[in-house]
Amino acid sequence: MQNSQQQAYDRGITIFSPDGRLYQVEYAREAVKRGTAAVGIRTPEGVVLAADGRLRSELQVAESVEKIHKADDHLGVATAGHAADARRLVDMARRRAQVEKLRYGEAVDTETLTKAITDNIQEFTQTGGARPFGCALLIAGVDDGGEPRLFETDPSGTPYEWKAVAVGGNQREAQDRLEEGYDDLQTVDDGLRLAFEALAATADGDLTPEGMSAATIDAETATFEALERSEIGAHLDEHGLLDEGSESDEE
Amino acid sequence: MNPNDRPSLDLGGSLDPLGVAPGTNAAGSSGGDIPAAGAGGDTPAAGGENAVEYSTGTTTVGLVAHDGVVLATDRRASLGGRFVSNKNVVKVEQVHPTAAVTIAGSVGAAQAYLKQLRAEADLYENRRGRRMSMEALSTVGSAILRGLPVSPLLGGVDPAHDDGDGVEPHLYQLDGAGGRIEESAFAATGSGMTVATGALEREYDPEGDVESAVPTAVDAVLAASERDTASGNGVVVARVTADGVETELRDATGALMNGAAGGVR
């Protein structure tokens, strides 16, 4: 697909192409698109994370597909792309949150944590022998004073802040749905509904709760809470997003 | 392409922000940005076995008022409390836009400590675009004090939590073992602390403001100066309020001298 001259610039991540691009970083972004989607939404009453996972067989244990992680009491991380790469960054976020508490006696705020992670990601775009992280993270938190925040990290190590954002496969479809539906969001439940609608847009309309995950961080309590799969099924059912052929795990 | 050049995912080597490992401390462990006060590289560690100067000869006091904190110290530096080596020392210094520290103990260690704490506060503010809270400042201030022969008082104010006009004053007593005790009323350190505490116990007004606390602080330092041979030569007073830190010099009778005290910032 490329001429031999261009391929030479593919080999090392630390080498710019003549037109100023870092191909390995761009390929890492492609790796993110190969993953299933993750969505984050900020509302006045809290932040929502939701993600769709892929089960390779009905024999796979659904809980083993981890797309949303608790980083600290007030912080959650959703991931898209290479799951193994993402796990390293999630662990870094967890350790960083604890270090901050030991160092300053205070909970880390979302922006500070995000920038610690992105600074680390950036190192892997400028260091010989390394390869960039093939994942994007959505870092959601409630800061001191009850302010909900939502950040994205990308494989170049740039932090972005969002009101609502989608990463991963079919990102464009999900982001379009978020842009249409973001107005007038008030409650965390509004956020969950829009998040599931955006995920449905990446999956041709219907979702099954198996493999999906969602979590909220309430602005008042600043506490991360993961939704049970049965709760996700109930939400999908309520909003008419449930795939007819699937049995939700309600009990 | 040396594999050893690969970046490390580790946060400065270990999860050891309280500095149990030798030569590290809370500040050094998160990326090693700021050299530790107690680890001077080629030079002998300040306050360690090679320390030249060590004395606690001093009186420092701190008082909490509803609108801020008053810190005051005497102005004498002595060698072992038996020879007055300097009669015009400023032992209270600003370390943060709205916080200051008094020092009692080894001069070298105290100076290194103040520099490091100021660097921590500045770096925090520059990186995050907001000032360190007193909780954060005192937590770092106690962690980087471990192992140093210094007994500081840290006084400062936070903006009121409801974004109103008020402030939340805080006073902490720190110790060389890394201890941190918040005082709700007043505290004293140094060789004159017992005399000063007696004066504060009698005079301190829990309802008072910064202006009414200043004479009380001066009285406490003067009382200690009367009886403690390592304290004397006048008083330095620092008012710590939402507007910042204002320092003034007073003579051995407690009368105001011309000009603000130098040496801060």
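What you see is a predicted model; the values in this text were computed from it and never measured. (Residues numbered from 1 in each chain as written. Chains lettered and ligands numbered in written order. Predicted model: local features only at pLDDT ≥ 70, side-chain atom pairs only at ≥ 80, totals over all residues. Heavy atoms only, no water.)

Enquirer: What is the right way to read the overall build of chain A from this model?
Expert: Across its full length, chain A holds seven helices and ten strands. For chain A, the spread of C-alpha atoms along the principal axes amounts to about 55 × 50 × 35 Å. Sequence-distant contacts, at least 24 apart, represent 63% of the contacts inside chain A between residues at least 6 apart. Summed over its atoms, the accessible surface of chain A is roughly 11,700 Å², and 43% of this surface lies on carbon and sulfur atoms. Side-chain charges in chain A split into 25 positive and 50 negative, and the spacing between the mean points of these groups amounts to 10 Å. (Helix = DSSP H or I, 4+ residues; strand = E, 2+ residues; numbered from the N terminus. Contact = heavy atoms within 4.5 Å. Areas by Shrake-Rupley, 256 points an atom, 1.4 Å probe, with all protein chains shown as cover. Lys, Arg positive; Asp, Glu negative; His and termini not counted. Charge placed at Lys NZ, Arg CZ, Asp CG, Glu CD.)

Enquirer: How do you make sense of the packing of aromatic side chains when you look at a structure like this?
Expert: All names here are of chain A. Using the criterion set out here, one finds four aromatic pairs over all chains in the structure. Ring centres 4.9 Å apart and planes at 65 degrees place the aromatic pair Phe 124 and Phe 133 in the edge-to-face group. Taking the relative accessible area as the measure of exposure, Phe 124 reaches 11% and is therefore buried. A residue is classified by how much of its surface remains accessible, and Phe 133, at 6% relative accessible area, is buried. (Phe/Tyr/Trp six-rings, centres within 6.5 Å; stacked < 30°, edge-to-face > 60°. Buried < 20%, exposed > 50% of the residue type's maximum accessible area, 1.4 Å probe, protein only.)

Enquirer: What exactly am I supposed to notice about the nonpolar core here?
Expert: If you look at soluble globular proteins, the nonpolar side chains tend to sit buried side by side. Membership of the largest hydrophobic core comes to 36 residues, with the highest contact counts inside it found for Val 61, Leu 63 and Leu 71 of chain B. The set of elements that each furnish at least two residues to this core consists of β1 (60–65), β2 (68–74), β10 (186–189), α4 (193–203), α5 (210–227), β11 (235–241) and β12 (244–250) of chain B. Ranked by the residues each element gives to this core, the list is headed by α5 of chain B, at nine residues. Beyond its immediate chain neighbours, meaning those up to four positions away, Leu 63 of chain B contacts Gly 68, Val 69, Val 70, Leu 171, Ala 185, Phe 186, Leu 200, Tyr 204, Ala 213, Thr 216 and Ala 217 of chain B. By size, the runner-up hydrophobic cluster in this structure holds 26 residues, among which are Ala 166, Leu 192, Leu 194 and Met 212 of chain A. (Core = buried A, V, L, I, M, F, W, Y, C linked by side-chain atoms within 4.5 Å.)

Enquirer: Which parts of the structure should I look at to understand the sheet that holds strand β7 (residues 153–159) of chain B?
Expert: Note: strands within a sheet are paired through backbone hydrogen bonds, in either parallel or antiparallel orientation. Residues and elements named next belong to chain B. In spatial order, the strands read β5-β6-β7-β8-β9; together these five strands make up an open sheet with antiparallel pairing. Strand pairing shows two members of the sheet lacking a second neighbour, β5 (92–96) and β9 (180–183), which therefore form its edges. The sheet shows a mean angle of 30 degrees between the axes of neighbouring strands, taken without regard to direction. Of the pairings in the sheet, the one linking strand β8 (residues 167–174) to β9 comprises four bridges and is antiparallel in character. Residue pairing in the sheet places Gln 173 in a bridge with Ile 181 of β9. Relative to the sheet, helix α2 (residues 107–128) contacts β5, β6 (99–102) and β8, its axis offset from that of β5 by approximately 25 degrees. Contacts between helix α3 (residues 134–143) and the sheet are confined to β5, β6, β7, β8 and β9, with β8 contributing the most and set at about 10 degrees to the helix. (Pairing = 2+ DSSP bridges. Axes fitted to C-alpha atoms, helices over the stretch in contact; angles between N-to-C directions.)

Enquirer: Looking at this model, I keep getting lost on helix α2 (residues 23–34) of chain A. Mind explaining?
Expert: Count 3.6 residues to each turn of an α-helix, and residues three or four apart come out pointing the same way. Over its twelve residues, α2 of chain A extends 17 Å from the first C-alpha to the last, a length consistent with the 16 Å expected when each residue adds 1.5 Å. Within α2 of chain A, the full set of buried residues consists of Tyr 23, Val 25, Ala 28, Ala 31 and Val 32 of chain A. (Expected span 1.5 Å × (residues − 1).)

Enquirer: Any chance you could explain the packing of helix α3 (residues 83–104) of chain A against helix α4 (residues 110–123) of chain A here in plain terms?
Expert: How two helices pack is summed up by the angle between their axes together with the distance between the axes. Residues and elements named next belong to chain A. Two elements in contact, α3 and α4, have axes whose closest approach is 10 Å; the angle formed by their N-to-C orientations is 130 degrees. Taken together, α3 and α4 sit at an angle that is classed as oblique. Along this stretch, α3 crosses α4, giving a crossing that reads as right-handed. Of α4, the residues touching α3 (which contributes Leu 89, Met 92, Ala 93, Arg 96, Ala 97 and Glu 100) are Thr 112, Leu 113, Ala 116, Ile 117, Asn 120 and Ile 121. Its residues assigned to classes, the contact of α3 with α4 comprises eight nonpolar, two polar and two charged. (Parallel < 35°, antiparallel > 145°, perpendicular 65-115°, else oblique. Left-handed = near helix turned anticlockwise from the far one by under 90°. Nonpolar A, V, L, I, M, F, W, Y, C, P; charged D, E, K, R; others polar.)

Enquirer: What is the right way to read the pattern of salt bridges from this model?
Expert: Proximity of charged atoms lets side chains of opposite charge pair with each other. Within this structure, the stated rule accounts for 29 salt bridges over all chains. Arg 95 of chain A is paired through a salt bridge with Asp 91 of chain A; the nearest N and O atoms lie 3.1 Å apart. Pair noted here: Arg 95 of chain A and Asp 91 of chain A are both in helix α3, with a separation of four residues, about one helical turn. Asp 91 of chain A sits in the partly exposed class, given a relative accessible area of 37%. Here Glu 211 of chain B makes a salt bridge to Arg 239 of chain B, at a shortest N to O gap of 2.8 Å. With Glu 211 of chain B in helix α5 and Arg 239 of chain B in strand β11, this residue pair connects regions lying 28 residues apart in the sequence. Residue class for Glu 211 of chain B comes out partly exposed when judged on its relative accessible area of 47%. (Salt bridge = Lys/Arg side-chain N within 4 Å of Asp/Glu carboxyl O.)

Enquirer: Would you mind going over the sheet that holds strand β1 (residues 38–43) of chain A with me for this structure?
Expert: Residue and element names in this part refer to chain A. One open sheet holds the five strands; their spatial order is β8-β1-β2-β9-β10, and the pairing between them is antiparallel. The open sheet is flanked by β8 (164–167) and β10 (224–226), the only strands paired with a single partner. Pairwise comparison of adjacent strand axes, ignoring direction, gives a mean angle of 15 degrees for this sheet. Here four bridges tie β1 to β8, and the two strands are oriented antiparallel to one another.

Enquirer: Please clarify how the packing of helix α5 (residues 171–181) of chain A against helix α6 (residues 188–202) of chain A should be interpreted in this entry.
Expert: Residues and elements named next belong to chain A. One way to put it is that α5 packs onto α6 with a least axis distance of 7 Å and a crossing angle of 145 degrees. The interaxial crossing formed by α5 with α6 has right-handed handedness. When α5 is examined against α6, the residues Glu 173, Ala 174, Arg 177, Leu 178 and Gly 181 are found in contact with a partner set consisting of Leu 194, Glu 197, Ala 198, Ala 201 and Thr 202. Here the residues of the contact of α5 with α6 are counted per class, giving five nonpolar, two polar and three charged.

Enquirer: Just to check I follow, could you spell out the environment of Asn 120 of chain A for this structure?
Expert: Along the polypeptide, Asn 120 of chain A turns up in helix α4. Through-space distance from the C-alpha of Asn 120 of chain A to that of Leu 89 of chain A is 8.7 Å; in sequence the pair is 31 residues apart.

Enquirer: Sorry if this is basic, but what is going on with the confidence of the model for chain B here?
Expert: As a note on interpretation, predicted positions should not be read in detail where pLDDT is low. Residues and elements named next belong to chain B. On average, residues of chain B score 82 in pLDDT, and 75% of them reach the 70 mark or higher. The model gives residues 6–32 a pLDDT under 50, and that stretch makes 56 contacts with residues more than four places away or in other chains. Taken together, the stretch residues 39–54 has pLDDT below 50 and engages in 15 contacts with residues farther than four places along the chain or on a different chain. Reported confidences for the modelled complex are a pTM of 0.81 and an ipTM of 0.75. (pLDDT = per-residue confidence, 0-100.)

Enquirer: Before we go on, may I ask you to explain unusual backbone geometry in this structure?
Expert: Note on backbone geometry: most residues besides glycine have negative phi, and most peptide bonds are trans. All names here are of chain A. Despite not being glycine, Asn 170 shows a phi value in the positive range, around 50 degrees. Note on placement: Asn 170 falls in the loop between β8 and α5. The class for Asn 170 is partly exposed, based on a relative accessible area of 42%. Positive phi, normally seen in glycine, also occurs at Asp 184, with a value near 65 degrees. Tracing the sequence through the fold places Asp 184 in the loop between α5 and α6.

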